[in-house]
Amino acid sequence: QNILQEIKGKTGLDDLLDLPATHMYKIKVDFNLTGKPARQEALAEAKPDPDPDSLSPAQSVPPLELNADDIAILRLLQDDISGSLEPFAQIAQELDEASVKLDEAAVIARTQALKASGMVRRFGAMVRHQKIGYAHNIMVAWLVPERGGLAERAGAIMAAQTGVSHCYQRPTAPTWPYNLYSMVHGKSEDDCLATVKDIDWALAAACVPHKPPALLRTVKEWKKTSMRYFL
């Protein structure tokens, strides 16, 4: 809230939306690099993504109590890790240079515990999607009734689309009525709009009432960095 008030004061904005995610349906993307049309699944039968990344905060495992060794490990894990066959041996060496005496096995064991707790969500290779041809994106804001599990149904349908990388539910505001958000990626504007039409069709086929969505296109990227902890 302090940061939002600072932004509001410095910019003069009188209507700053505070829309925290209340449910996460998806946070991953499957780019089609085969050159063949992606086979569309039966979206009306879509189920929520079982990936652990899709768990809502209420479903997550309670956080661990961090000790000094955990914090030292997390300081290194939040940066890119080595592409060698033994990246955790290198982390152990860096820890030793910082006077933290943990061998490779201890680093791996503690990292596994951090991952099991949900503190470390995942390890993965990052794809620069703009450089492989997916240079277009649209944040699509939807208005879906929340009664009777309709929002959860809609979130599952959106998450089933391969062109959707992120899907969240957020609260509404007096000046902003939308409650579901799907980030759509494509090689062209038409690709993105086709995904939006697929979602629209699937929602209708599943008898999920919804209004025409708001299409929020990225026109300039001001910042895209990971958060930094324990500096």
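For every chain, the first residue of its written sequence is number 1, and the numbers climb from 1 along that sequence. Reporting of local features is limited, given that this is a predicted model, to residues whose pLDDT is at least 70; pairs of side-chain atoms are given and counted only at 80 or more, and all residues count toward the totals for whole chains, interfaces and linings. Note that water and hydrogens are dropped before the side-chain values are worked out from all heavy atoms of the structure.

Focus on helix α6 (residues 189-205)
Part 1 of the argument: The numbering of helices and of strands both runs from the N terminus, where a helix is a DSSP run of H or I of at least 4 residues and a strand a run of E of at least 2. By definition here, a helix of n residues has an expected span of 1.5 Å times n minus one. Taking 1.5 Å per residue, 17 residues should reach 24 Å; α6 reaches 24 Å between its end C-alpha atoms and fits that length.
Part 2 of the argument: Following α6 by one or two positions, Cys207 has its phi on the positive side, about 60°.

A short note on the packing of helix α2 (residues 68-77) against helix α3 (residues 87-97)
Part 1 of the argument: Two elements in contact, α2 and α3, have axes separated by 10 Å at closest approach and are oriented at 120°. One finds that α2 runs oblique with respect to α3. Here the hand of the crossing between α2 and α3 comes out right-handed. In this structure, α2 contributes Ala72, Ile73, Leu76 and Leu77 to the contact, and α3 contributes Phe88, Ile91, Glu94 and Leu95.
Part 2 of the argument: Three classes are used: nonpolar for Ala, Val, Leu, Ile, Met, Phe, Trp, Tyr, Cys and Pro, charged for Asp, Glu, Lys and Arg, and polar for all others, with Gly counted as polar. In terms of residue class, the contact of α2 with α3 is made up of seven nonpolar, no polar and one charged. Note on geometry: axes are lines fitted to C-alpha atoms, helical ones only across the stretch in contact, with angles between N-to-C directions running from 0 to 180 degrees. Under this scheme an angle from 65 to 115 degrees is roughly perpendicular, one under 35 degrees roughly parallel, and one over 145 degrees roughly antiparallel; angles in between are oblique. Two helices cross in a left-handed way if the nearer one is turned anticlockwise from the farther one by less than a right angle. They cross in a right-handed way if the turn is clockwise. Note on contacts: a residue pair is in contact if any heavy atoms of the two residues lie within 4.5 Å.

A word on the sheet that holds strand β4 (residues 180-186)
Part 1 of the argument: Strands were regarded as paired on the criterion that DSSP finds at least two bridges between them. Taking strand neighbours across the sheet as the criterion, the five strands line up as β1-β3-β4-β2-β5 in an open arrangement whose pairing is antiparallel. Only two strands of the sheet have a single partner each, and these edge strands are β1 (23-27) and β5 (214-217). Across the sheet, the mean angle from the axis of one strand to that of its neighbour is 15°, orientation sign disregarded.
Part 2 of the argument: Both strand β2 (residues 136-142) and β4 contribute to a ladder of seven bridges, which runs antiparallel. Note that in β4 the partner of Ile138 across the bridge is Val184.
Part 3 of the argument: The strands that α6 touches are β2, β3 (164-169), β4 and β5; relative to β2, the one it contacts most, it runs at about 25°.

Observations regarding the environment of Met227
Part 1 of the argument: Residue placement: Met227 occurs in the segment after β5.
Part 2 of the argument: Overall, the relative accessible area of 61% leaves Met227 in the exposed class.
Part 3 of the argument: C-alpha of Met227 to C-alpha of Gln78: the two residues are 149 residues apart in sequence and 8.5 Å apart in space. Each residue's exposure class comes from its accessible area (1.4 Å probe, protein chains only) as a fraction of the maximum for that residue type: buried when under 20%, exposed when over 50%, partly exposed otherwise.

Here we look at the pattern of salt bridges
Part 1 of the argument: Definition used for salt bridges: Asp or Glu carboxyl oxygen within 4 Å of a side-chain nitrogen of Lys or Arg. All chains considered together, the criterion is met by five salt bridges.
Part 2 of the argument: Across the pair Lys101 and Asp96 runs a salt bridge, and its minimum N-O distance is 2.7 Å.
Part 3 of the argument: Take Asp96: its relative accessible area is 37%, and that puts it in the partly exposed class.
Part 4 of the argument: Where Arg217 meets Glu189, a salt bridge forms, and the shortest distance between an N and an O atom there is 2.6 Å.

Overview of the packing of helix α5 (residues 150-159) against α6
Part 1 of the argument: The interhelical angle for the contact between α5 and α6, taken along N-to-C directions, is 140°, at an axis separation of 10 Å. Judged by the angle between their axes, α5 and α6 are oblique. Crossing handedness for the pair α5 and α6: right-handed. Across the interface between the two elements, Ala154, Ile157 and Met158 from α5 touch Ile199, Ala202 and Leu203 from α6.
Part 2 of the argument: The class makeup of the residues in the contact of α5 with α6 is six nonpolar, no polar and no charged.

So, the packing of aromatic side chains
Part 1 of the argument: Note on aromatic contacts: the rings of Phe and Tyr and the six-membered ring of Trp form a pair at centre separations within 6.5 Å, being stacked when their planes are under 30 degrees apart, edge-to-face when over 60 apart, and tilted otherwise. Inspection of the entire model under this criterion finds three aromatic pairs.
Part 2 of the argument: With a centroid separation of 6.4 Å and 50° between ring planes, the pair formed by Tyr229 and Phe230 is classed as tilted.
Part 3 of the argument: When its relative accessible area of 44% is taken as the criterion, Tyr229 is described as partly exposed.
Part 4 of the argument: What makes Phe230 partly exposed here is its relative accessible area of 33%.
Part 5 of the argument: Over the aromatic face of Tyr168 sits the side chain of Arg170, whose NZ or CZ is 4.9 Å from the ring centroid.
Part 6 of the argument: When the ring centre of Tyr181 is taken as reference, the NZ or CZ atom of Arg170 above it lies at 5.6 Å. Whether a charge sits over a ring comes down to the Lys NZ or Arg CZ being within 6 Å of the ring centre and within 35 degrees of the ring normal.

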